[in-house]
Amino acid sequence: MPANFDNPDPATKRPRQHHRFRTAFIILGVIVVLLIVVRLVLPGFIKSSINKRLNEIPDYSGQVADVDLSLYRGAYSLHGVEIVKRNGQVREPFFKAEAIDFSLAWRELFRGKVVSDIYLEKPELNFVQGASDASSQVATDKRWQDVINDIFPIDITFLQIRDGLLRYVNNSTTPRVDVYVANMQATATGLRNRTDEENKVEFPARINLHGETIGGGRLNVTTELEPLATQPHFLLKVELENVSMPSLNEFLRAYANVDVSAGTFKGYVEVLARDGGFNGYFKPFFENMDFKALPGEDPSLGKQIWEGVVRFVAFVFKNHEKDQLATRVPFSGEFGDAKVGVWQTIMNTLRHAFVRPWPEKLESRQGGRVSGDPEPAKKEAAAPPTSATKPPSK
């Protein structure tokens, strides 16, 4: 009887299937064990590498308390991040964060792009001005960009900040100045996108930020920009409203030698930068100001005279119907060579007081320039194009 090769003996088939299942099970077990080993060992290796890199920053040292790895997300989180001035002369850390999460952007990965998202929980950035370089920490140069590139060498397209703090301290003034933006929430999108030539998209990236300032003020910042432009190319809008002026007395005493017992402040800024030049304006509004001496204060004669002059000027140039002193300060020029329209500022102050009050809001952008501004300085490099939608020259 001939052999039946099409229908092998079931008794022979079962051991072969069992052998294949056993081999597959062993391979799967090895993979699981390797993943567990990697999961246990890799966070410690990453933590050691990051701490070593942070301690290579000139004049600064840093540390990460813990690293959490998420293999399925293609992500890792840094916990207890802190960077401080190495000489110990500055008490405040330059940067700290409760957690920083780096992860692959899967929405872009499906399009063939390997980019990342970054989330910062309770980050804190402290700029300190002291009497010397050793007692100051105000530098934000290329060294910090290099650190981020080393820690996570993939382009970041989306960034989110939750409950952040931005603070400026000046220990060289009398009194000491300490101003901040707290409870800061921010998002940044399109950070690495290029200009869409077909649709004439001038600003592919956008940053939105809001927070609370000293004196109970509300800060809103919107920035549209082209991150890959060869020269600064952005539109910045800032709204700061309802700041209690008595809370700014340390700042006012340090820089203007005056203080107030009542009043609120609002401010609006808009800046357009293109091709190495910029133009914009600043509109400050001071409402219901009172310069009465604070309880327990015994000012010197010189300060009393100076405050009297300030009080007189504020009284003469304020809009009495609104009990408000305001103006519009235009500025333009090239970076490092700003020109402020002093005469125009004086005329704008008179306009607010005696002709027509300035609107308490941002102004619209027209023709590639911030509306209402005088022509930029007569320098070809500083003059922006006339079309608001024309892409910048590369």
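As the structure is a computational prediction, the values presented were derived from the model and not from experiment.

A. Inspection of the overall build of the protein at higher detail. A count of helical and extended segments in the protein gives 6 helices and 17 strands. Burial analysis of the protein (394 residues in total) assigns 39% to the buried set. Sequence separation of at least 24 residues holds for 59% of the intrachain contacts in the protein that already meet a minimum separation of 6. Carbon and sulfur atoms form 59% of the exposed surface of the protein, whose accessible area is close to 22,600 Å².

B. The arrangement of the confidence of the model for the protein in detail. Residues at a pLDDT of 70 or more form 73% of the protein, whose mean pLDDT is 79. The secondary structure element of the protein with the lowest average pLDDT is strand E16 (residues 365-366), at 50, and the one with the highest is strand E10 (residues 234-244), at 95. Contacts from residues 372-394, a stretch scored under 50 in pLDDT, to residues over four places away or in other chains number 64 contacts.

C. Structural context of the pattern of salt bridges. Summed over all chains, the structure comprises 16 salt bridges. Arg 206 is paired through a salt bridge with Glu 224; the nearest N and O atoms lie 3.9 Å apart. Residue Arg 206 is located in strand E8 (residues 205-213), and its partner Glu 224 is located in strand E9 (residues 218-225); the two are separated by 18 residues in the primary sequence. Under the relative-accessibility criterion, Glu 224 is labelled partly exposed at 24%. One salt bridge connects Glu 287 with Lys 266, and the closest N-O pair in it is separated by 3.9 Å.

D. Main features of the side chain of Asn 170. Residue placement: Asn 170 occurs in strand E6 (residues 156-170). The class for Asn 170 is buried, based on a relative accessible area of 5%. At a separation of 2.5 Å, a polar atom in the side chain of Asn 170 contacts the side chain of Ser 172. Once you skip the residues sitting within four places of it in the chain, Asn 170 turns out to touch Gln 129, Arg 176, Val 177 and Tyr 255.

E. Local environment of the packing of aromatic side chains. Per the stated rule, a full pass over the model turns up 10 aromatic pairs. Summarising the aromatic geometry, the rings of Tyr 119 and Phe 158 are spaced 5.8 Å apart at their centres and angled 55° between planes, so their arrangement reads as tilted. Of this pair, Tyr 119 sits in strand E4 (residues 116-121) while Phe 158 sits in strand E6, and the two are 39 residues apart along the sequence. Ring centres 6.3 Å apart and planes at 50° place the aromatic pair Phe 278 and Phe 331 in the tilted group. One end of the pair, Phe 278, is in strand E12 (residues 277-290); the other, Phe 331, is in strand E14 (residues 329-334), and 53 residues separate them in sequence. Here Phe 278 and Phe 331 have matching classes, each one buried. Put simply, the rings of Phe 234, Phe 278, Phe 331 and Phe 335 pair up and form one aromatic cluster. Over the face of the ring belonging to Trp 358 we find Arg 351, whose NZ or CZ atom lies 3.6 Å from the ring centre.

F. Inspection of the pairing of E10 at higher detail. As judged from the 8 bridges shared by E9 and E10, these two strands associate in the antiparallel manner. Of the residues in E10, the one forming a bridge with Thr 223 is Leu 236.

G. View of the environment of Ser 136. Positionally, Ser 136 belongs in the loop between strand E5 (124-129) and helix H3 (142-151). Put simply, Ser 136 and Gln 89 are 47 residues apart on the chain and 8.2 Å apart in space, counted from C-alpha to C-alpha. Not counting residues up to four positions away in its chain, the partners in contact with Ser 136 are Lys 85, Val 90, Val 128, Gln 129 and Gly 130. There is a polar contact of 2.7 Å between the side chain of Ser 136 and the backbone nitrogen of Gly 130.

H. Summary view of the environment of Trp 358. Structurally, Trp 358 is set in the loop between helix H6 (342-355) and E16. Put simply, Trp 358 and Phe 285 are 73 residues apart on the chain and 9.1 Å apart in space, counted from C-alpha to C-alpha. Residues in contact with Trp 358, not counting those within four places in the same chain, are Lys 283, Phe 285, Thr 327, Arg 328, Asn 348, Arg 351, His 352 and Glu 363. Polar contacts involving the side chain of Trp 358 include one to the main-chain carbonyl oxygen of Asn 348, which spans 3.1 Å.

I. Fine view of the environment of Pro 227. With respect to the secondary-structure elements, Pro 227 resides in the loop between E9 and E10. Here Pro 227 falls in the partly exposed class, since its relative accessible area comes to 31%. The sequence separation of Pro 227 and Gly 190 amounts to 37 residues, and the corresponding C-alpha distance is 8.6 Å.

The rules we used
Residues numbered from 1 in each chain as written. Predicted model: local features only at pLDDT ≥ 70, side-chain atom pairs only at ≥ 80, totals over all residues. Heavy atoms only, no water. Helix = DSSP H or I, 4+ residues; strand = E, 2+ residues; numbered from the N terminus. Buried < 20%, exposed > 50% of the residue type's maximum accessible area, 1.4 Å probe, protein only. Contact = heavy atoms within 4.5 Å. Areas by Shrake-Rupley, 256 points an atom, 1.4 Å probe, with all protein chains shown as cover. pLDDT = per-residue confidence, 0-100. Salt bridge = Lys/Arg side-chain N within 4 Å of Asp/Glu carboxyl O. Polar contact = N/O pair within 3.5 Å; in protein donor to acceptor, adjacent residues only side chain to side chain. Phe/Tyr/Trp six-rings, centres within 6.5 Å; stacked < 30°, edge-to-face > 60°. Lys NZ or Arg CZ within 6 Å of the ring centre and 35° of its normal. Pairing = 2+ DSSP bridges.

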